[in-house]
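# Summary of structural features
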Amino acid sequence: MLIKCPECGNQVSDKARKCPHCGIRLKKRSYAWVIFLLILAVVVLCAGTYIYYQQSKQERMQERLEYVMNCGDVEEMQEYLDLNPELPEVKRKAIERKIAQLNIVQEAWNDAVGSESRSALVAFVRRFPDDAHVHEANNMIDSLDWVTAKRANTEDAYQTYMEHHSNGNFYYDAHNAMKKIREEIEEAERRSQALSDSIDRYFENEADKD
């Protein structure tokens, strides 16, 4: 490769130590700074990649921890503890407390359902108003109250059901049943009145004959 002599301007081989034209000593081009910059770039890239990886790993671990804390699944939470023995003690204790709380709620729910008692279900709802089983408990209470109303089969019973379950599954059934009872009562009253009127007319006719 030919280069330009800095003294005389003639073309000289880049491997020559002196210019053959003017005799000036030539300085060889150094690539040390280029190599240094390349090494520095590689180091910076590796360091940046490592930092990004560590940050991403921490974010994933935090997201996973938050999910486990809020999933409400005791088995999944316990599995997470078993698979992460290096978990900080504070976080481990927090998960263990959550598991204990969930076990208490589950035991209370099993007792309430097993008892098939309205009072037990109501007590569960009052004790754990934010639990996932509350909706199911309210549906069970609704069904029990409907069975009670149907068994009594009175206006008061249906009215009581409707007052306690304005959005109940059987609200319109109770309304229709109460309407039917009222219609039957009104029909019975009409028949009774008709019979009374007939009897009155009979005695009036007998009196006129006399």
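Because the structure is predicted, anything quoted here is derived from the model rather than measured.

The rules behind each value
Residues numbered from 1 in each chain as written. Predicted model: local features only at pLDDT ≥ 70, side-chain atom pairs only at ≥ 80, totals over all residues. Heavy atoms only, no water. Helix = DSSP H or I, 4+ residues; strand = E, 2+ residues; numbered from the N terminus. Rg over C-alpha atoms; globule rule 2.2 N^0.38 Å. Buried < 20%, exposed > 50% of the residue type's maximum accessible area, 1.4 Å probe, protein only. Contact = heavy atoms within 4.5 Å. Areas by Shrake-Rupley, 256 points an atom, 1.4 Å probe, with all protein chains shown as cover. Lys, Arg positive; Asp, Glu negative; His and termini not counted. Charge placed at Lys NZ, Arg CZ, Asp CG, Glu CD. Core = buried A, V, L, I, M, F, W, Y, C linked by side-chain atoms within 4.5 Å. 1 Å grid on protein atoms, 1.4 Å probe; cavity = no way out; pocket = protein on both sides within 12 Å on 5 of 7 lines; lining within 4 Å. Points joined across faces, edges and corners; volume = space filled by probe spheres on them. Nonpolar A, V, L, I, M, F, W, Y, C, P; charged D, E, K, R; others polar. Salt bridge = Lys/Arg side-chain N within 4 Å of Asp/Glu carboxyl O. Axes fitted to C-alpha atoms, helices over the stretch in contact; angles between N-to-C directions. Parallel < 35°, antiparallel > 145°, perpendicular 65-115°, else oblique. Left-handed = near helix turned anticlockwise from the far one by under 90°.

On to the overall build of the protein, then. Of regular secondary structure, the protein possesses seven helices and two strands. When its helices and strands are written in sequence order, the protein yields β-β-α-α-α-α-α-α-α. A globule of 210 residues ought to have a C-alpha radius of gyration of about 17 Å, yet the protein, at 46 Å, is considerably larger. Reported as C-alpha extents along the three principal axes, the dimensions of the protein are approximately 170 × 45 × 20 Å. In the protein, buried positions account for 21% of the 210 residues. Counting only contacts in the protein whose residues sit at least 6 apart along the sequence, the fraction spanning at least 24 positions is 25%. When the accessible surface of the protein is totalled, it reaches about 16300 Å², and 53% of it is carbon and sulfur. For the protein, the distance from the average site of its 28 positive side-chain charges to the average site of its 36 negative ones is 26 Å.

A separate point is the nonpolar core. In this structure, Val-105, Ala-108, Trp-109, Ala-112, Leu-121, Val-122, Phe-124, Val-125, Phe-128, Val-134, Ala-137 and Ile-141 together form the largest nonpolar core, which totals twelve residues. Elements that contribute at least two residues to this core include exactly helix 3 (89-115), helix 4 (118-127) and helix 5 (134-152). Trp-146, Ala-157, Met-162 and Ala-174 belong to the second-largest nonpolar core, a separate cluster that totals ten residues.

To continue, consider the layout of surface pockets. As a volume, the largest pocket reaches approximately 310 Å³. Along the walls of the largest pocket sit 14 residues, with Gly-72, Leu-102, Val-105, Asp-131 and Ala-132 positioned nearest its centre. Here the lining of the largest pocket gets five residues from one element, more than from any other, and that element is helix 3. Class assignment for the residues of the lining of the largest pocket results in six nonpolar, four polar and four charged.

The next subject is the side chain of Asp-142. As for its position among the elements, Asp-142 is in helix 5. Within the buried core, Asp-142 has no salt-bridge partner, and the shortest N-O distance to an opposite charge, that of Arg-118, equals 8.8 Å. Non-local contacts of Asp-142, meaning those with residues more than four positions away in its chain, are made with Tyr-161, His-165, Gly-168, Asn-169 and Phe-170.

Turning to the packing of helix 4 against helix 5, a few remarks are in order. Where helix 4 contacts helix 5, the two axes come as close as 10 Å, and the packing angle between them is 150 degrees. When the interaxial angle is binned, helix 4 and helix 5 end up roughly antiparallel. Note that helix 4 runs across helix 5; the crossing there is left-handed. In contact with Arg-118, Leu-121, Val-122, Phe-124 and Val-125 of helix 4, helix 5 contributes Val-134, Ala-137, Asn-138, Met-140, Ile-141, Leu-144 and Asp-145. Grouping the amino acids of the contact of helix 4 with helix 5 by side-chain chemistry returns nine nonpolar, one polar and two charged.

Pairing is possible between side chains of opposite charge, provided their charged atoms come close. Counted by the stated rule, this structure contains six salt bridges. Asp-145 serves as the salt-bridge partner of Arg-118, at 2.6 Å between the closest nitrogen and oxygen. Within this pair, whereas Arg-118 is found in helix 4, its partner Asp-145 is found in helix 5, the two being separated by 27 residues in sequence. On the accessibility criterion, Asp-145 (13% relative accessible area) is buried. Among the salt bridges present, the one from Glu-187 reaches Arg-191, with a minimum N-O distance of 3.2 Å. Of this pair, Glu-187 and Arg-191 are both found in helix 7 (residues 171-209), four residues apart, which corresponds to roughly one turn of the helix. Of the residues examined, Arg-191 reaches a relative accessible area of 61% and is grouped as exposed. It is possible to trace a salt-bridge network through shared partners that takes in Glu-187, Arg-190 and Arg-191.

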